[in-house]
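In case you want the letters, here they are:
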Amino acid sequence: MAPKTTTATRRLKQDYLRLKKDPVPYINAEPNPSNVLEWYYVVCGPVDSVYAGGYYLGRLVFPKDFPFKPPSIYMITPNGRFKTNTRLCLSISDYHPDKWNPAWSVSTILTGLLSFMLENKKTLGSIDMTDFERQLLAAKSLESNLRDENFCELFPELTMTIQKEIEKRNLAKAKEEESSSMDNSQLENIVFQPVVSNILMVVGFALFIYLVRFVLSNMKIE
């Protein structure tokens, strides 16, 4: 017997097709292959934000009576804006069922989440960090996501993108260290060469004086 198709299942499949046809900017989303009520999303930090270069994995958990009730929203990757693995209190989440509109789709939820992430409004589950701290977390997010099985399994293209970005970053770092090493070596030569020259000059002068004294001494003896 085929499994019973619920209203939530039908609606989420429709939303998925709509999302693939008309993607939400900076966001990718995929349902759990074994549970359509659980979705994972990835926010790619907009270039003009403090999250630029970062990739942030999160999770949506839909109730069985979706779309008549809103989902729970979680952020998994450390980001400096939201606590991780904590239900977020947003107007589009299950914290505010009174504000939920059944006409809202998964695309609407993800768009609202990104909008709230780029703001600094406080809510339950949000945290305060400086722009610099968030930029550091954006840089660290690449390695963090590669350690997450769900990320690698559901988002293979992003995984490859991150791997290539890490390779570029490591190559640039190696070149910088090599350049720095060469600069230090040149600096040592610049410092060392005058010292050697001065020593040779002193030694040469001392030998000259010795020779002069030796010659004068022989002249007196004669």
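Residues numbered from 1 in each chain as written. Predicted model: local features only at pLDDT ≥ 70, side-chain atom pairs only at ≥ 80, totals over all residues. Heavy atoms only, no water.

To keep it simple, the criterion reads: UniProt positions are given in the numbering used here, feature names are shortened, and annotations may be inferred rather than shown by experiment.
As recorded in an unreviewed UniProt entry, the protein chain goes by Ubiquitin-conjugating enzyme E2 J2 and comes from Aphis gossypii. We quote the UniProt Subcellular location (unreviewed entry) comment for the protein chain here in full: "Endoplasmic reticulum membrane".

Quick notes on the packing of aromatic side chains
Selection rule: Whether two aromatic rings pair depends on their centres lying within 6.5 Å, for rings of Phe, Tyr and Trp, where Trp uses its six-membered ring; planes under 30 degrees apart make the pair stacked, over 60 edge-to-face, and the rest tilted. What counts as a helix is a DSSP run of H or I of at least four residues, what counts as a strand is a run of E of at least two, and both are numbered from the N terminus. Relative accessibility under 20% of the residue-type maximum defines a buried residue, over 50% an exposed one, and the middle range a partly exposed one, all with a 1.4 Å probe and only protein chains included. Put simply, a charge is over a ring when the Lys NZ or the Arg CZ is close to the ring centre, within 6 Å, and near the line of the ring normal, within 35 degrees.
Enumeration over the complete set of coordinates arrives at eight aromatic pairs. Relative to tryptophan 39, the ring of tyrosine 16 lies with its centre 5.8 Å away and its plane at 75°, an arrangement referred to as edge-to-face. Placement of tyrosine 16 in helix H1 (residues 7–21) and of tryptophan 39 in strand S2 (residues 35–44) is noted, with a sequence separation of 23 residues between them. Their ring planes at 45° and their centres at 5.8 Å tell us that phenylalanine 151 and phenylalanine 155 sit as a pair that is tilted. Each member of the pair, phenylalanine 151 as well as phenylalanine 155, is classed as buried. Cluster of aromatic residues (ring-pair linked, three or more members): Tyr16, Trp39, Phe62, Phe66, Trp100 and Trp104. Here the basic side chain of arginine 87 rests over the ring of tyrosine 95, its NZ or CZ set 4.3 Å away from the ring centre.

Points about unusual backbone geometry
Most peptide bonds take the trans form, and the phi angle of most residues other than glycine is negative. In this model, phenylalanine 66 is joined to proline 67 through a cis peptide bond whose omega is 15°. Within the secondary structure, proline 67 sits in the loop between strand S3 (55–61) and strand S4 (72–75). One non-glycine residue with positive phi stands out, namely tyrosine 26, at about 70°. Note that tyrosine 26 resides in the loop between H1 and strand S1 (27–32). The residue asparagine 85 is not glycine, and still its phi comes out positive at about 55°. For asparagine 85, the location among the structural elements is in the loop between S4 and helix H2 (106–117). Here asparagine 85 falls in the exposed class, since its relative accessible area comes to 56%.

Observations regarding the pattern of salt bridges
Selection criterion: What makes a salt bridge here is a side-chain nitrogen of Lys or Arg within 4 Å of a carboxyl oxygen of Asp or Glu, nothing more.
In this structure the tally under the stated criterion is eight salt bridges. Salt-bridge contacts for arginine 18 lead to aspartate 15; the nearest nitrogen and oxygen are separated by 2.8 Å. Taken as a pair, arginine 18 and aspartate 15 lie in helix H1 at a separation of three residues, close to a single helical turn. Assessed through its relative accessible area of 42%, arginine 18 is described here as partly exposed. With a shortest N-O distance of 2.9 Å, glutamate 38 and arginine 59 are connected by a salt bridge. Of the two residues, glutamate 38 sits in strand S2 while arginine 59 sits in strand S3, which places them 21 residues apart along the sequence. By relative accessible area, glutamate 38 is classed as buried at 13%. When salt bridges that share partners are traced, they join Arg11, Asp15 and Arg18 into one network.

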